[in-house]
Each structure stands twice: as structure tokens, then as C-alpha cells.
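Chain and residue survey
Each chain, written out:
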Amino acid sequence: MISVNQFSSSKILQHIDRISEWKREGVSRPVTYELDMTNVCNCRCHFCFGFFEQNEHQVSMSLKDARNILDQIKSFGGKAVTFTGGGDPLCNKDTIEAVKYAKKIGLDVGFITNGILLSYEISKEIVKTCTWIRISLDAASEETYKLTHGMNSSTFKIILENVRLLVKAKKEEKSETTIGVGFLTYDRTVDEIVDFAKISKELGVDYAQYRPLLKRFNEKEFNVKDQNKVISSIEKAKKYSDEKFDVVSSVHKYEMISTGTYKRQYDVCYGHNFATVIAADRKMYLCCHMRGMDKYCLGDLTKQTLKEIWMSDRRKKIYNNIDFKDCPLLCRCDSFNTILSDMEKPVKHVNFL
């Protein structure tokens, strides 16, 4: 299995200024923001980490509000924003205009979608503005797609065609946008790992990415009886890699699962200081796994500014009272936390490298 720079947890070390700020003041300003334009989705994935009460409280953000929030992100030192969800960002008709505005004011832009509503026109705008885009596919057949995404199997063909249009738009616009397709590994998908790499390469994307399925609330079962089968299958999928196409995976996560060493080795979520989430209801949440959970709502951007929320006593209190029982194992910040917690440990003989 290979690791590429854009997926390496050590890239946090590229932000020494923010790490120094955190070490000096006990808090940093976020480098990366996830921004949900809507919590409405046109898929029904049973494993979804979207907005916690997605079905009960559907909401979309207006373009005016999105621009205001993006301005605040920029002025508070944010460097990148990922349009994700929540729901699917393309379920909000204003999302592409918000993406264009983010690029205009100097933010790097990422985009995650299920691909159902991708059109050629939308694809052209995305490849002009986004640093990267990832399509959550999670299947190599119509049958498996129906199981994982809860949609009619014909939708799978629609998405494949939309990805082809996206690749076409990239070529025509001579864009540097990185295009990837994602695949969550668990019992329902493990037999299609190799076929997924083959299909992805045929689509003309830049990479196929494998990640283990995470479950809410710290459940220890990772839904695969034979983890070694996953690892060996991804190894076989590597044969499709070449100078134009990569097979990438969360190598360390698979190794930790297979060896049973995935328990947290830290007791503080340091990673929260560098990345945060703004949901479609214009509330800020502790992280992407806590969208819509009042317990982890940092503040409301309809009542306070982003800076006020970040520097507030409420955020500090929530941060200091994180209950890891609410967090999935191997969460988004896990690798960052491991690196940062090592920095917090006292070191002897620091001048001897």
C-alpha cells in the first residue's frame, strides 16, 4: 500500500506557525474548515456521518450567509475550506457560487460529493476552482452500490458517467484539480476492492482511495471479519497504479485494526485546534463526527462572529470535556492527535538529533 503527500498526517507539520501558536497560547486558529451548504442528501447510506438529526431538521445555507462565513474564515486566518456535508453539497443550488467565491477571496477549496448531481457545467466550474474533488462511490457494481448507498442500482451508472464528464472537463480546461473516488471497506464491499481500482483507472481519475468504515460512538467492531483479506486485496489493487493513477489507502489505520492497536494513546483532542466544522444551520461543531449534536455545538454564527465563538468560554468548556466514548475510533483527528500529543511530552537532550 502506498501513501501520498496529500493523505499524510504529517502534513500538519507544514503549519509550524499554527503549532507554535498552539504551544504558546494553548489554542490555535483553524487551518481547515469543513463547510456544509446543506444537510439534505439524495442518498440513504446506512453508515452516514452526516448531520446527526438529518431527517428531522433539514436546512440549507443561503449564498449570502455562505459568503459572510467565508469572509470570516479568511479574516480569521483560515487557509482552506472543504465543501461537504451534512448532506450532499450539490443538493443546494447555491453551492457552486459559494465555491467560486471561496476561490475568489484566496481560500483553497476541496469538494466531496456522491456525484449524483454532477453535470458537465458544474464539473467545469469545479475543475476551475477546486484543489481537489472526491466522489464517494464505495462500490464496483450496481448491486453493491444499492446496498451501500440505499439507492436504485441504476444510479451507479449515472455516477460513473458523471465522473467521466468530470475527467473530460478537467482535460478540456487543462486543470490541475486532483480527482479521486472513495471506497469504504467493510463486509459488504471487501470482495470488490480490486475491481474498484480497475474501474477507477478506467474512469480516468487520479486516484482510488480506500478507508475503513468507522461507526459512531466508539464501537470496536470494524465490520470485517478478516482484516488481512482487506490488506491483501488493497495490495493486489496496487497493480493498477502507474504514473497517472494511484491506489491509496489509510495504511496505518488498516495496520492498527489488524493488530488490535487502534486504542487512543492520548487523552486530549489536540487536532480540534487546527480544523473545525460549520454546518448548514450556521452552527459550529467540534468536528465532522459531531454535526448536529447539541452537546458539541461550539456556537451559533447567527448570534456571534466566528472569532467570538472560537475564543469563547463555551468552546473551551466543550473542548475540555470531550467524552471519547462519543467519538469513533480512528477518527479524523486521530493521527494528528498522535503527532501533537508526542509534542506535548517532555523530551530530554533535545539538542542531540
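Whatever comes next refers back to the structure up there.
An account of the accompanying structure is given in this report.

Cut-offs applied
- Along each chain, numbering runs from 1 in the same order as the chain's sequence is written.
- In view of the model being predicted, local features appear only for residues whose pLDDT reaches at least 70, and side-chain atom pairs are presented and counted only at 80 or more, with totals across whole chains, interfaces and linings using the full set of residues.
- Hydrogens are left out, water is left out, and the side-chain values use all remaining heavy atoms of the structure.
- Only runs of H or I of at least four residues qualify as helices and only runs of E of at least two qualify as strands under DSSP, and these elements are numbered from the N terminus.
- As defined in this context, the radius of gyration uses C-alpha atoms, and a globule is described by 2.2 Å times the residue total to the power 0.38.
- The cut-offs for exposure are 20% and 50% of the maximum accessible area for each residue type, with area from a 1.4 Å probe on protein chains only; residues under the lower value are buried, those over the upper are exposed, and the others partly exposed.
- Here the Shrake-Rupley method, with its probe set to 1.4 Å, supplies the accessible areas, and only the displayed protein chains count as covering residues.
- His residues and chain termini do not enter the charge count, which takes Lys and Arg as positive and Asp and Glu as negative.
- To locate a charge, the coordinates of NZ of Lys, CZ of Arg, CG of Asp or CD of Glu are taken.
- A cavity here means a set of 1 Å grid points, computed over protein atoms only, where a 1.4 Å probe fits but cannot escape. A pocket is an open set with protein on both sides within 12 Å along at least 5 of 7 lines, and lining residues have an atom within 4 Å of a point.
- Grid points are joined across faces, edges and corners, and a volume is the space filled by probe spheres set on the points.
- Residue polarity is assigned by list, with Asp, Glu, Lys and Arg as charged and Ala, Val, Leu, Ile, Met, Phe, Trp, Tyr, Cys and Pro as nonpolar; anything else, Gly included, falls into the polar class.
- Sulfur atoms of two cysteines make up a disulfide when they are within 2.5 Å.
- The term salt bridge refers to a pairing of a side-chain nitrogen on Lys or Arg with a carboxyl oxygen on Asp or Glu at a separation within 4 Å.

Attention shifts here to the overall build of the protein chain. Secondary structure assignment for the protein chain yields 12 helices and 10 strands. Rg of the C-alpha trace for the protein chain: 20 Å, near the compact-globule value of 20 Å for 353 residues, within the 12% margin. With respect to the principal axes defined by its C-alpha atoms, the protein chain has extents near 50 × 50 × 40 Å. In the protein chain, buried positions account for 56% of the 353 residues. Accessible surface, the protein chain: about 16800 Å² in total, of which carbon and sulfur atoms supply 49%. One finds the centroid of the 54 positive side-chain charges in the protein chain at a distance of 2 Å from the centroid of its 47 negative side-chain charges.

Moving on to empty space enclosed by the protein. Leftover empty space is mapped by rolling, across the atoms, a probe with the size of a water molecule. This structure, assessed with the given rule, holds 2 cavities of 30 Å³ or more. Each pocket or cavity is described by its volume, and for the largest cavity that value is around 110 Å³. Taken together, 15 residues line the largest cavity, and the ones lying closest to its centre are Cys-269, Cys-287, Cys-327, Cys-331 and Cys-333. Across the lining of the largest cavity, the residue classes break down as 11 nonpolar, 2 polar and 2 charged. One number sums up the size of the second largest cavity: a volume of about 60 Å³. Taken together, Thr-32, Tyr-33, Glu-34, Ala-275, Thr-276, Val-277, Leu-286, Cys-287, Cys-288, Arg-332 and Cys-333 make up the lining of the second largest cavity.

Let us look at the state of the cysteines. Considering all chains together, one arrives at 0 disulfides under this definition. Free of any disulfide, Cys-45 has its nearest neighbouring cysteine sulfur in Cys-43, separated by 4.8 Å. The cysteine Cys-327 is free of any disulfide, with Cys-331 supplying the nearest cysteine sulfur at 6.1 Å. We classify Cys-327 as buried; its relative accessible area is 8%.

Moving on: the pattern of salt bridges. Tallying each qualifying case throughout the model produces 20 salt bridges. A salt bridge links Arg-29 to Glu-21; the shortest N-O distance between them is 2.9 Å. Taking the relative accessible area as the measure of exposure, Arg-29 reaches 28% and is therefore partly exposed. Accessibility expressed as a relative area gives 11% for Glu-21, which makes it buried.

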